[in-house]
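Spelled out from the first residue to the last, the chains are:
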Amino acid sequence: MAAFQQHLRSGAGDIDLLAVFARADEFRLIPVRAEERVELQRLLERVPVPVRGDTDDGPMPKVAALLQAHVARLALPGFALAADAVYVTQSAARLFRALFELSRARGWARAARCALGWCKQVERRMWLAMSPLRQFGRDCPADLLRSVERRPLPWARYLDLTEPELGELVGSPKAGRVLHRLVHLVPRLDVRAHVQPLTRSLLRFELRLTPDFVWNDAVHGSAEVFWVTVEDADGERLLHAEPLVIKRAYAAAEHLLEFTCALTEPLPPQYFVAIDSDRWIGADTRLAVSFRHLQLPDRALPPTELLDMQPLPVSELRDPEFEALYRGKLSEFNAVQT
């Protein structure tokens, strides 16, 4: 954790996060053997995310390369490299969770988003750019998966298509039914947002979240966890973050979240509300909340003028019990009390 706190930065991307991950104390004793340098160099050239340093810079480049080989399901030559890869991947999910929590606690939106993405990639052994259908394993036919990945259609577009339209898209009515069922198994939440300024520096959010997927106990278990976050207009600062647990019994119900966020001056054009699944790829929702018509309170409320009145005596209460409360303490009220 000391290495994470020292080297993690707010604008960390994939390259930076991999470098911080590889600095963990768990990996400091991993050796870089002379006989595996050639294979490691080839591996560094094959992985999609560039790695800082080379095989002469200690174990960090090796750790980053082995992690990517695990995600990409690359075959590793030699028993020693395979054993080191197992050791790295055993701690990977836990360490990226720590990076996510650290980024979230510091209010770093980009770093937290990237760390959560690596958590999913390590657990699912697939890249974020791949089709979410890969998460279903053997339940998704290989020919259907290839047909979907050949088409440059955004994943959100599949949610709007019917079974016949999906069947026409992939060239098979039967495959269209399977595709429609799998697409609607990926957890997703529809979100509606209402904002109300409490002061010039405090904003109240009211989110109404409705599950938009078909619950299946074999796929979703007893609950699904989502992260509800609010980011600033640049997507760099995390203004609010909290988990939302959707249980099976309430999978069709609307969920209400209320919280407050800081509002900066000058007034930003918008904030972003993001809903990310804790473990599913392709299950995110992002909503821009515009402040174009937001009416803020006045900077300073005018003070209440104090009337020039003659102080009233306590007897004006005209109630013996109330007068007894003030007996011996004061004989008449001051100007404000009057």
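See the structure printed just above.
Residues numbered from 1 in each chain as written. Predicted model: local features only at pLDDT ≥ 70, side-chain atom pairs only at ≥ 80, totals over all residues. Heavy atoms only, no water.

Novice: Just give me the short version of the overall build of the protein chain, but keep the residues and values in it.
Specialist: Within the protein chain, the regular secondary structure consists of 12 helices and 7 strands. Relative to the globule expectation of 20 Å for 338 residues, the C-alpha radius of gyration of the protein chain, 29 Å, shows a markedly less compact shape. Dimensions of the protein chain, computed from the C-alpha atoms along their principal axes, are close to 100 × 55 × 35 Å. Once local pairs closer than 6 in sequence are excluded, the contacts in the protein chain between residues at least 24 apart make up 60%. Each charge class in the protein chain was averaged separately, 43 positive and 45 negative side chains, and the resulting centres sit 7 Å apart. (Helix = DSSP H or I, 4+ residues; strand = E, 2+ residues; numbered from the N terminus. Rg over C-alpha atoms; globule rule 2.2 N^0.38 Å. Contact = heavy atoms within 4.5 Å. Lys, Arg positive; Asp, Glu negative; His and termini not counted. Charge placed at Lys NZ, Arg CZ, Asp CG, Glu CD.)

Novice: Can you lay out the packing of helix α4 (residues 59–72) against helix α5 (residues 79–106) for me, pointing to particular residues and giving the numbers?
Specialist: Where α4 meets α5, the axes come as close as 9 Å, and the angle between the chain directions of the two elements is 85 degrees. Comparing the axis directions of α4 and α5 gives the class roughly perpendicular. Taking contact as the criterion, the partners of K62, V63, L66, L67 and H70 in α4 are, on α5, L81, D84, A85, V88, T89, A92 and F96. Class assignment of the residues belonging to the contact of α4 with α5 gives a composition of 8 nonpolar, 2 polar and 2 charged. (Axes fitted to C-alpha atoms, helices over the stretch in contact; angles between N-to-C directions. Parallel < 35°, antiparallel > 145°, perpendicular 65-115°, else oblique. Nonpolar A, V, L, I, M, F, W, Y, C, P; charged D, E, K, R; others polar.)

Novice: Would you mind going over unusual backbone geometry in detail, with residue names and values included?
Specialist: In the segment running from E265 into P266, the intervening peptide bond is cis, with an omega of 0 degrees. Here R73, not a glycine, exhibits a phi torsion of approximately 60 degrees, which is positive. Inspection of the secondary structure puts R73 in the loop between α4 and α5. With relative accessibility at 54%, the residue R73 sits in the exposed group. The backbone of R125 sits at a positive phi, close to 55 degrees, despite the residue not being glycine. Looking at the element boundaries, R125 is found in the loop between α6 (109–124) and α7 (142–149). (Buried < 20%, exposed > 50% of the residue type's maximum accessible area, 1.4 Å probe, protein only.)

Novice: Which residues make up α5, and what values do they have?
Specialist: End to end, α5 covers 40 Å across 28 residues, agreeing with the expected 40 Å (1.5 Å per residue, within 8%). By the largest-angle criterion, A92 marks the main kink of α5, which is about 40 degrees. With its phi angle positive at about 75 degrees, G107 sits one or two positions after the end of α5. (Expected span 1.5 Å × (residues − 1). Bend = angle between axes of the 7 residues up to and from the residue.)

Novice: Any details on the pattern of salt bridges? Residues and values, ideally.
Specialist: If charged atoms from side chains of opposite charge come close, those side chains can pair. Inspection of the entire model under this criterion finds 23 salt bridges. Through salt bridges with shared partners, a single network forms among R192, R204, E206, R208, E254 and E258. (Salt bridge = Lys/Arg side-chain N within 4 Å of Asp/Glu carboxyl O.)

Novice: Tell me about the side chain of H220, and please be specific about residues and values.
Specialist: Its place among the elements puts H220 in helix α11 (residues 217–220). A polar side-chain atom of H220 sits 2.6 Å from the main-chain carbonyl oxygen of L185. (Polar contact = N/O pair within 3.5 Å; in protein donor to acceptor, adjacent residues only side chain to side chain.)

Novice: Go over the nonpolar core with me, naming the residues and quoting the values.
Specialist: The biggest cluster of nonpolar side chains holds 44 residues, and the ones touching the most others in it are L17, F21, L67, F96, L99 and W118. Listing elements by their share of this core, those giving two or more residues are α2 (14–22), α3 (37–46), α4, α5 and α6. With 9 residues, α5 is the largest single contributor of residues to this core. Every residue in contact with W118, bar those within four places of it in the chain, is listed here: D14, L17, L18, V49, L67, Q68, V71, F96 and W127. Residues V191, L209, V230 and I246 belong to the second largest nonpolar core, which totals 26 residues. (Core = buried A, V, L, I, M, F, W, Y, C linked by side-chain atoms within 4.5 Å.)

Novice: An account of the sheet that holds strand β7 (residues 285–290) is needed here, citing residue identities and associated values.
Specialist: On the basis of which strands lie adjacent, the open sheet formed by 4 strands has the order β4-β3-β6-β7 and antiparallel pairing. This sheet does not close on itself; its edge strands, each paired only once, are β4 (238–247) and β7. Neighbour-to-neighbour, the strand axes of this sheet turn through a mean angle of 15 degrees, independent of strand direction. Where strand β6 (residues 270–277) meets β7, 6 bridges bridge the pair, whose relative direction is antiparallel. Bridge pairing in β7 places V273 opposite L287. Packing of α6 onto the sheet brings it into contact with β3 (223–231), β4, β6 and β7, and relative to β6 it is tilted by some 15 degrees. (Pairing = 2+ DSSP bridges.)

Novice: Could you give me a rundown of the pairing of strand β2 (residues 202–211), with the residues and numbers involved?
Specialist: With 10 bridges joining them, strand β1 (residues 189–199) and β2 adopt antiparallel strand pairing. Each residue of the ladder has a partner; that of R192, found in β2, is R208. Hairpin connection, β1 to β2: the antiparallel pair is bridged by 2 residues. Relative to strand β5 (residues 255–262), β2 runs antiparallel, the two being bridged by 8 bridges. Directly across from L207, in β5, lies its bridge partner L257.

So far we have only geometry, and geometry alone does not tell us how the molecule works.
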